[in-house]
Amino acid sequence: MITIKEVHSPKDLKTFVKFPFQLYKDCDKWVPPIIKQELDTFNKKKNPIFNDAEATFFLAYKNNEVVGRVAAIINWLEVNQQKQKKMRFGWFDVIDDVEVTKALLSKVHEIGKANDLDYVEGPVGFSNLDKVGLLTEGYEFVGSMITWYNYPYYVDHFRELGYTDEKLYSESRFPFSNVKPEFFLKAQELIKKRYQLRPLKFTKTEEVMPHVDKMFDLFNKSYAALSSFVAITDIQKEYFKKKFISFVNPEYIKFVVDKDDNLIAFAIVMPSFARALQKTNGKLFPFGFRHILHAKKHSKDVLFYLIGVLPEYQNKGVTAIIFNEYYDEFTKKGIQNCARTPELEDNLAIHQIWKHFKPEVFKRRKTVKKDIS
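The sections below set out a description of the structure shown in this document. Please read all numbers here as calculations on a predicted model, not as lab measurements. (Residues numbered from 1 in each chain as written. Predicted model: local features only at pLDDT ≥ 70, side-chain atom pairs only at ≥ 80, totals over all residues. Heavy atoms only, no water.)

**Considering the environment of valine 230**
Rules: In this text, helices come from DSSP runs of H or I with a minimum length of four residues, and strands from runs of E with a minimum of two, each type numbered from the N-terminal end.
Within the secondary structure, valine 230 sits in the loop between α7 (205–223) and α8 (234–244). For the pair valine 230 and proline 181, spaced 49 residues apart in sequence, the C-alpha separation works out to 36 Å.

If you want it as structure tokens, here you go:
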């Protein structure tokens, strides 16, 4: 007997957040989130995304034990402004029982139907800065702070229930030894002179903060053409500042400005926190902070989190300036491996940026879709 219960109380929400810790307790590839951060993400008083979105959380029970979870999400900016009548689902985890998956997703479809939406897509979060995608290849590799991990049977469940592929993503990696400065050293000098550009360097987080709003504005402009992109609102900017920027080494944030100090490109790289997060097991106290800070200072693996260039400067080689800055920084720190976050496989422009580094695709993921009937 499968029972689906809607989450109402703080206790149930904590159960929702902690269920994957039970499901993946024997999986050394799963990277746990920080429990407090997850709870804050779902707190309607703390996360401004709820000004423009709504979410309903469900837990599945079998024999009085939790066996699955899902978040049913509507982003009203997407529905009303982009006319995408999409019902989202995310934070989906389940035991290997397709009937549990079916029962959870039926709740998502019910909400979509009640709101006159056309189809369901997931797993996705509230916005483009949330985790995305069902892992389909690369189960043998450890996850990351900014991706979901799942067992292979998830894919089978969705196929059996009639979901079809919607968006395809790939994750690539390359050793830092693949980065040859001759591909960008001379070019970046020419580009700086031709367009009167210069990079900004940071050594303290407080130096970055005055520029972050402009960075999010540029992010909105540079990614606007991608499918289902939902712009970050002003109130969300403040939230993401607090959530993300403190985790990033200031020297790993690179901005390029023009002669009038207008931001025209940016990039954010993060140290790999995967192993540190596994050691924290979701808790920053009493010792979790120590593992996070050690990774922030000493990790030899990095993750290219975001990179954005104003549309009018795209295809003009501006990324050569950014790569030159990172090359110097990574050389000093002895960085060994570089990875990229999930990128849409049809985003050819972003794939062209990395071609000289000979990246290899080591993970693939996808979102799945089904019409609401």
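**Quick look at the pairing of strand β10 (residues 263–271)**
Side-chain positions along a regular strand alternate between the two faces of the sheet. Basically, it comes down to this: Using a 1.4 Å probe on the protein chains alone, a residue whose accessible area is under 20% of its type maximum counts as buried, one over 50% counts as exposed, and one in between counts as partly exposed. Whether two strands pair depends on DSSP finding at least two bridges between them.
The element β10 is largely enclosed, with a buried count of nine among its nine residues. In this sheet, β10 lies alongside strand β9 (residues 253–257) in antiparallel orientation, the contact comprising five bridges. Within β10, the position partnered with lysine 254 by the bridge is alanine 267. Where β9 folds back onto β10 in an antiparallel hairpin, the turn is made up of five residues, including aspartate 261, whose phi is positive at roughly 65°. Summarising the sheet, β10 and strand β11 (residues 301–309) pair through seven bridges and their orientation is antiparallel. Paired with isoleucine 268 across the two strands is leucine 306, which belongs to β11.

**Notes on the packing of helix α6 (residues 185–195) against helix α11 (residues 319–333)**
Quick reminder of the rule: Note on geometry: axes are C-alpha line fits, over the in-contact stretch for helices, and angles between N-to-C directions span 0 to 180 degrees. Here the angle decides the label: under 35 degrees means roughly parallel, over 145 means roughly antiparallel, 65 to 115 means roughly perpendicular, and every other value means oblique. Left-handed describes a crossing whose near helix is turned anticlockwise from the far helix through less than a right angle; right-handed describes the clockwise counterpart. Here, residues are in contact when the closest pair of their heavy atoms is within 4.5 Å. The residue classification treats Ala, Val, Leu, Ile, Met, Phe, Trp, Tyr, Cys and Pro as nonpolar and Asp, Glu, Lys and Arg as charged. All others, Gly included, are polar.
Between α6 and α11, whose axes approach to 8 Å, the crossing angle comes to 125°. The orientation of α6 with respect to α11, classified from their angle, is oblique. Every pair of crossing elements has a handedness; the one defined by α6 and α11 is left-handed. Residues Leu185, Ala187, Gln188, Ile191 and Lys192 of α6 touch α11, and the partners they reach there are Ala320, Ile321 and Asn324. Residues belonging to the contact of α6 with α11 are distributed by class as follows: five nonpolar, two polar and one charged.

**Some words on the nonpolar core**
Heads up, the rule is: To define a nonpolar core, start from buried Ala, Val, Leu, Ile, Met, Phe, Trp, Tyr and Cys residues and group those joined through side-chain atoms within 4.5 Å.
Core analysis: the biggest nonpolar cluster contains 69 residues, and Leu129, Phe304 and Phe330 have the highest contact counts within it. By residue number, the principal contributor to this core is β10, which donates eight residues. Excluding residues that lie within four positions of it along the chain, leucine 129 makes contacts with Phe216, Phe219, Ile232, Phe240, Phe244, Tyr305 and Leu306. By size, the runner-up hydrophobic cluster in this structure holds 58 residues, among which are Ala53, Met87, Leu104 and Tyr163.

**Considering the packing of aromatic side chains**
Convention followed: For Phe, Tyr and Trp, rings pair up if their centres lie within 6.5 Å, where Trp contributes its six-membered ring, and each pair is then called stacked (planes under 30 degrees apart), edge-to-face (over 60) or tilted (otherwise). Distance and angle both matter: a charge sits over a ring if NZ of Lys or CZ of Arg is within 6 Å of the ring centre and within 35 degrees of the ring normal.
Overall, the coordinates contain 39 aromatic pairs when judged by the stated rule. Arranged with centres 4.8 Å apart and planes meeting at 55°, the rings of phenylalanine 42 and phenylalanine 57 form a pair that is tilted. In this pair, phenylalanine 42 is assigned in the loop between α2 (35–41) and β2 (53–62) and phenylalanine 57 in strand β2, connecting sequence segments 15 residues apart. Take phenylalanine 57: its relative accessible area is 6%, and that puts it in the buried class. Aromatic ring contacts, followed pair by pair, group Phe21, Tyr24, Trp30, Phe89, Phe92, Tyr149, Tyr151, Tyr153, Tyr154, Phe158 and Tyr163 into a single cluster. Taking NZ or CZ as reference, lysine 5 lies 4.8 Å from the ring centre of tyrosine 61, over its face. Over the ring of phenylalanine 16 we find arginine 69; its NZ or CZ atom is 4.9 Å from the centre of that ring.

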